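# Topology and contacts: notes
Now for the letters of each chain:
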Amino acid sequence: MKGKAKRILLGVTGSISAYRAVDLASLLTKEGVEVDVILTKEGSRFITPLAFSCLTKRPAYVEDGLEEGGFRPTHIGLADDADLALVAPATAHHIGLLAQGLSPDLLSSALLALPEKTPILFAPAMNGKMWRHPAVAANVKTLTQRGVRWIGPDKGLLACGYEGIGRLWPVNEIFKAAMALL
């Protein structure tokens, strides 16, 4: 990448697929993208912030606070600096939070604080029954109407043992979609 490095805000929510976000962060970093990771509390139960920090050479965030040495809230700084917001994996919970405009955590606060021009890409991962639930479908429709882009979910064997839709889309394809949006 030429010129100023692009920056992606990578949200990692509470899905077993969270471990795959580490590979995604690594691919983006190798491409020269600065990756700011926000793990939800639930996401950090599956994978630690340290894994992301080691690969991206940047802090990974879990809780909100002030920037070190400044007075800009973390969620505002991360949102203002992002060229793209990517949530992978995106759970039904965080899809619903953004659709309803709720911000109980750092990730949802940052997503609501994004400048209007900043694209958002969600890569959902959840049980197929959850993905097909009318409430989730309505939230997806609402967010799509607001300009959120989607990649996935994929079909296959799910962590819950079911076969069907709900798997996180392949990491290489999420990477390609993110780079295309940059």
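Residues numbered from 1 in each chain as written. Predicted model: local features only at pLDDT ≥ 70, side-chain atom pairs only at ≥ 80, totals over all residues. Heavy atoms only, no water.

### Here we look at helix α4 (residues 92-100)
Most of α4 sits out of view: 7 of its 9 residues are buried. Taken as a whole, α4 has its buried residues at A92, H94, I95, G96, L97, L98 and A99. Close packing links the buried residues of α4 with β4 (84-90), α5 (106-112), β5 (120-124), α6 (128-132), α7 (134-145) and β6 (149-150). Positive backbone phi, at 70°, marks G101, one or two positions downstream of α4. (Buried < 20%, exposed > 50% of the residue type's maximum accessible area, 1.4 Å probe, protein only. Helix = DSSP H or I, 4+ residues; strand = E, 2+ residues; numbered from the N terminus. Contact = heavy atoms within 4.5 Å.)

### Regarding the environment of H133
For H133, the position within the fold is in the loop between α6 and α7. Between the C-alpha atoms of H133 and A5, which are 128 residues apart in sequence, the distance is 39 Å. There is a polar contact of 2.9 Å between the side chain of H133 and the backbone nitrogen of A135. (Polar contact = N/O pair within 3.5 Å; in protein donor to acceptor, adjacent residues only side chain to side chain.)

### Brief notes about the sheet that holds strand β1 (residues 7-12)
Taken together, the 6 strands give an open sheet; going across it, the order is β3-β2-β1-β4-β5-β6, and neighbouring strands pair in parallel fashion. The sheet is open, and its two borders are formed by β3 (60-61) and β6, each paired with just one other strand. For β1 and β4, the ladder comprises 4 bridges, and the chain directions are parallel. Following the sheet pairing, L9 is matched in β4 by A85. Along the sheet, helix α2 (residues 49-56) contacts β1, β2 (34-39) and β3; its crossing angle with β2, the most-contacted strand, is approximately 180°. (Pairing = 2+ DSSP bridges. Axes fitted to C-alpha atoms, helices over the stretch in contact; angles between N-to-C directions.)

### A look at the nonpolar core
The nonpolar side chains of a soluble globular protein tend to be buried, and buried together. Within the largest apolar cluster, 28 residues are counted, with the highest numbers of intra-cluster contacts made by L10, V12, L24, L28, V37, F52 and L86. When sequence neighbours within four positions are dropped, the list of residues in contact with L28 reads I8, V33, V35, L86, F175, A178 and M179. Listed in part, the 26 residues of the second largest apolar core include L9, Y61, L106 and I120. (Core = buried A, V, L, I, M, F, W, Y, C linked by side-chain atoms within 4.5 Å.)

### Quick notes on a nonpolar patch on the surface
Together, I16, Y19 and F46 line one region of the surface with nonpolar side chains, adding up to about 320 Å² of accessible area. Residue placement: Y19 occurs in helix α1 (residues 18-30). (Patch = residues over 30% accessible without salt bridge, like charges linked within 9 Å, V, L, I, M, F, W, Y side chains within 5 Å. Areas by Shrake-Rupley, 256 points an atom, 1.4 Å probe, with all protein chains shown as cover. Salt bridge = Lys/Arg side-chain N within 4 Å of Asp/Glu carboxyl O.)

### Focus: the pattern of salt bridges
Tallying each qualifying case throughout the model produces 6 salt bridges. In this structure, R7 and E34 form a salt bridge, with 2.7 Å as the shortest nitrogen-oxygen distance. Note that R7 is positioned in strand β1 and E34 in strand β2, a separation of 27 residues in sequence. Across the salt bridge formed by R58 and E34, the nearest N and O atoms sit 3.9 Å from each other. One end of the pair, R58, is in the loop between α2 and β3; the other, E34, is in strand β2, and 24 residues separate them in sequence. A single salt-bridge network, built from bridges that share partners, covers R7, E34, D36, R58 and D81.

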